[in-house]
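# Chains, contacts and geometry: an overview
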Amino acid sequence: MGRYVARRLLQLIPVFIGTTFLIYLLVWALPGDPFAGKCGERPCPESFVAVMREKFNMDDPLFIQYGKYLLNLLQGDFGETFSGTSVGTLISNAYPVTIRLALIALLFEALIGVIAGILTGLRGRGFMDNLVLVSTLFLIAIPTFVTGYLVQTVFGLQLGWIAPTVSGNASWGELLAPGFVLASVSMAYVARLTRTSIAENKRADFVRTAVAKGQPQHRVVGVHLLRNSAIPVVTFLGTDLGALMGGAIVTEGIFNINGIGGLVFRSIARQEGTTVTGVVVLLVIVYLVMNLLVDLLYAVLDPRIRYD
Amino acid sequence: MTDPTAAASAGKMETRAQEEITAEGHGARPGGGADDGKQRSLWGDAWVSLRRRPIFIISAVIILFLTVMALFPGLFTSVDPTKADLSLARQTPSADAWFGYDQQGRDIYARVIHGVRASLVVGVLATLGTVLLGSLVGLFAGFYGGWLDAILSRFADVFFGLPFVLGAIVILSTFNPPGTPYGPVRIIFQVIFSIVVLSWPVTMRIMRSAALTAKQQDYVKAARALGASPTRIIFRHLLPNTLAPVLVYGSIALGTYIALEATLSFLGVGLRTPVVSWGVMISDAKELLRIAPHMLLFPAGALAVTVLAFVMLGDAVRDALDPKMR
C-alpha cells in the first residue's frame, strides 16, 4: 500500500511538470503586447518596460523562465501580476466560491444520480426506467449554458423563487440553483452508470446467496449490491470534481458568480499569464489528487483489489 | 463539460473492450440472431440488432435530415442568413419568418438552417481526429509496451489532466484571439484542433487496453509464428479486433463535441462571426433573453435535437456492439 502510493506519487511528477509547462507555453504565446494600455493613454516609457521585463524574467529563454516559475511554485509562491498584486491572493479570493459551487454540484449529482440509478436498475424495464432514460437523454443533450438560462429565466425572473444572480459573498444557499445547473449533465451520466452497474450485478452469485440466506431486502441492496456496484460510479464522481471546477466557468458567467472563471477571462484579456497558469495549475493538482484518492478507495470498496 | 463522461466511460469501455476481444479471439462465434443459423461477424450481428431498434431508426432519420440540411441549405430556405434589416430587429415569429428576427434583423430560421453545417463539420471532424490520433497512439503503446508505452501514456496523461473547458479557452485565446481577421475555414479548424488535442487521450486509453488484451490472443501469436511483420500484425490483426470499443466511444462523443463547440462559441472563444453557428446565436441572444426569448429558443432547440440524435445513435451502437446485452 505504502509503496503503491509512493510509486503513484512519483508518476504524478512528470505529468504535473508536463501539464504546467504546456499551459505556461500556451500562455507565453498569447498574442499581443502585455504592456499595451498599462500606462494610461500613452505608450509605456522604455525604462518602465525594461524594469518590468527584468522583474518578470521576460528576456530569459522560455525554459529558464519556466524553471524559475516552477521553483517559486514549489515554495508556494504563485508570483505577481504586472500591477504587483499577489496571484496567491487573487486565487484565494476566487477559489473558495468555485470549490463551493463544485461541491454542491457533486452532492446533487451523487444524490439524485445514484438514487435514480438504483431505482431503475432494480426495477428493470418499466415506466420508471423509461422515464429516467428519457430524462437523462434530455439532460445530456441540452448544454449547461442553455439549462442555466432556462433556470435563471423561469425560476429567477418569472416565478421569483431564486435570485437570478448571486451576490458577492456567494453563500451556500444562493449557490444551490447554479450548483444544480452545473450538475445537470453529469447527473444524467451518474444515473446511467449506476443503473447499468446495478443491473449487471443484480444477478450475481453473491446477491443470490444473500437473498437465499434470508437477508432483508434493504441489506441485500444497501450492503451487498451497492458496495459491489459502486466502483464505476465512484470513479466518475472522483474525476468529475476537477472537471466541474473547470466547467464552472459557464455557470459562473450566467449567474454572475465571482469564481475562477471570471478571473481567467480577465487575466487572459490583460495578458496576465502568471494568473492563468496559477489557476490551471491548481485545477490540475485537484484532478491528480482526486484520481489518486479514487484509486485508493477501490481497495476499501472491494477488498479483493490489491496494490502491488 | 464532456470530459467527465469521457473519463468514466473510458474506464468502463476498457473492461468492455477486453471482454469483446476475448470473445472475438475465438474466431467466428455462433450467430446472435439464430433465426437463420448462419454465422455472422461482430459487425453483421450488430447491424441486425441495430435495424430492429426504433431508437436507432429515429436518430438515423434525424441525422440524415441534418446532413441534407448541411449540404444543401438552399432546399430549406432561400433567405440569406447574413442579410440584416434593422427595421425588423427582434420581431417575433410570423408567417414571413417562422422563427422571427434577431437583434440585427437577420432571419433566425435561415440562420438556424445554415448553422447546421458548422456544428456537423466540427462534430464529425473532431471525432475523426480524436479516433484516428488516439487509436494510432494507443495501438502502438499497447502493442510495443515497455518504455514506448510508458512515455506515450505519460504524454497522454499530460493532456488528460487539463480541464477541458479551461484548456480550450487557453488554447483558443492563443491561436484564435478575438478580433483577428481569419476566414471561416481557419476558425473552424482551430476549434476542431483544440477539441482533438484535449480529448485524444481518452481514445488512446481505450485503444491501448484493447490492444494489450488482443495481443495475448492466439491469432496474434499465430501470425507472429508465421513471421508476420509488426506493422502487418498491428493493422491486419489487431486493428480490426480492437476498433469496436473506440468506435462506440466515438459515436457517443460526436454529440458531446457538438455541444462543446456551442459552449466554446458561447464563451466567445470558439466560432465567431463570419461563421453562422448556433453557439454564436445563443451567445447573441443571452443579453436579450427577457425581451426576445425566441432568439434563444430556436437555436438552443436545434442544438438540443442534434446532440440528442447523436447521443441516441451512440447508445444504440453501444448496445448493439456490447456482448453483454445479447
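Residues numbered from 1 in each chain as written. Chains lettered and ligands numbered in written order. Predicted model: local features only at pLDDT ≥ 70, side-chain atom pairs only at ≥ 80, totals over all residues. Heavy atoms only, no water.

Chain B carries the name Oligopeptide transport system permease protein in an unreviewed UniProt entry, which gives Actinoalloteichus caeruleus DSM 43889 as its organism. Turning to chain B, the UniProt annotation filed under Sequence similarities (unreviewed entry) states: "Belongs to the binding-protein-dependent transport system permease family." Among the UniProt annotations of chain B, the heading Subcellular location (unreviewed entry) holds the following wording: "Cell membrane". (UniProt positions renumbered as here; feature names shortened; annotations may be inferred.)

Looking up chain A in an unreviewed UniProt entry gives the name Oligopeptide transport system permease protein, with the organism given as Actinoalloteichus caeruleus DSM 43889. Under the UniProt heading Sequence similarities (unreviewed entry), the note attached to chain A is "Belongs to the binding-protein-dependent transport system permease family."

On to the interface of chain A and chain B. Each side of the interface is counted separately: chain A has 49 residues, and chain B has 45 residues. Around 4,100 Å² of area is buried between chain A and chain B when both sides are counted, 81% of it from carbon and sulfur atoms. Our count for the chain A to chain B interface comes out at one salt bridge. With a shortest N-O distance of 2.9 Å, Asp315(B) and Arg192(A) are connected by a salt bridge. Summed over the shared surface of chain A and chain B, the number is three residue pairs in polar contact (both at pLDDT 80 or more). Residues of the side of chain A that touches chain B, tallied by class, amount to 36 nonpolar, ten polar and three charged. (Contact = heavy atoms within 4.5 Å. Buried area = accessible area lost by both parts, 1.4 Å probe. Salt bridge = Lys/Arg side-chain N within 4 Å of Asp/Glu carboxyl O. Polar contact = N/O pair within 3.5 Å; in protein donor to acceptor, adjacent residues only side chain to side chain. Nonpolar A, V, L, I, M, F, W, Y, C, P; charged D, E, K, R; others polar.)

Moving on, we get to the domain arrangement of chain A. Residues and elements named next belong to chain A. Each assigned domain of chain A is listed here: domain 1 (15-74) and domain 2 (96-301). Relative placement of domain 1 and domain 2: their C-alpha centres are 37 Å apart. Between domain 1 and domain 2, the residue contacts involve 15 residues of the former and 14 residues of the latter. Buried area between domain 1 and domain 2, both sides added, is near 1,100 Å², and the carbon and sulfur share of it is 79%. Counting every contact that joins domain 1 to domain 2 gives zero salt bridges. Linking domain 1 to domain 2 there are zero residue pairs in polar contact (both at pLDDT 80 or more). Elements supplying a minimum of two residues to the side of domain 1 that touches domain 2: helix H1 (2-28) and helix H3 (62-74). Of all the elements, H1 adds the most residues to the side of domain 1 that touches domain 2, at seven residues. (Domains from an automatic or database assignment. Helix = DSSP H or I, 4+ residues; strand = E, 2+ residues; numbered from the N terminus.)

Glancing now at the confidence of the model for chain B. Residue and element names in this part refer to chain B. For chain B, per-residue confidence averages 79 on the pLDDT scale, and residues scoring 70 or more make up 85% of the total. For chain B, per-element mean pLDDT is lowest for helix H1 (residues 3-25), which scores 49, and highest for helix H4 (residues 108-144), which scores 90. Throughout residues 1-11 the model reports pLDDT below 50, and contacts reaching past four residues in sequence, or to other chains, amount to 28 contacts. Residue range residues 23-35 is modelled with pLDDT below 50. Its contacts to residues more than four positions away, or to other chains, number 23 contacts. The ipTM assigned to the predicted complex is 0.82, against a pTM of 0.83. (pLDDT = per-residue confidence, 0-100.)

Residues and elements named next belong to chain B. If you check helix H9 (residues 230-267), its first and last C-alpha atoms are just 46 Å apart, much less than what 38 residues at 1.5 Å a residue would give, namely 56 Å. Taken as a whole, H9 carries its principal kink of about 55 degrees at Leu239; the proline Pro240 stands between one and four residues after it. With 28 of 38 residues buried, H9 is to be regarded as a mostly interior element. The first or second residue beyond H9 is Gly268, which carries a positive phi of 90 degrees. (Expected span 1.5 Å × (residues − 1). Bend = angle between axes of the 7 residues up to and from the residue. Buried < 20%, exposed > 50% of the residue type's maximum accessible area, 1.4 Å probe, protein only.)

Residue and element names in this part refer to chain B. A cluster of nonpolar side chains, namely Val121, Val124, Leu125, Leu128, Leu132, Val185 and Phe189, defines an oily patch on the protein surface of about 600 Å² accessible area. Those elements that provide at least two residues to the nonpolar patch are H4 and helix H7 (184-214). Looking at the nonpolar patch, the element that brings in the most residues is H4, giving five residues. Structurally, the position occupied by Phe189 is in helix H7. (Patch = residues over 30% accessible without salt bridge, like charges linked within 9 Å, V, L, I, M, F, W, Y side chains within 5 Å. Areas by Shrake-Rupley, 256 points an atom, 1.4 Å probe, with all protein chains shown as cover.)

Our focus in this paragraph is the packing of helix H5 (residues 127-141) of chain A against helix H11 (residues 294-321) of chain B. One can describe the packing of H5(A) onto H11(B) by two numbers: an axis separation of 8 Å at closest approach and a directional angle of 125 degrees. Judged by the angle between their axes, H5(A) and H11(B) are oblique. By crossing handedness, the relation of H5(A) to H11(B) is classed as right-handed. Contacts between H5(A) and H11(B) involve Leu137(A), Phe138(A), Ile140(A) and Ala141(A) from the first element and Ala304(B), Val307(B), Leu308(B), Val311(B), Met312(B) and Asp315(B) from the second. (Axes fitted to C-alpha atoms, helices over the stretch in contact; angles between N-to-C directions. Parallel < 35°, antiparallel > 145°, perpendicular 65-115°, else oblique. Left-handed = near helix turned anticlockwise from the far one by under 90°.)

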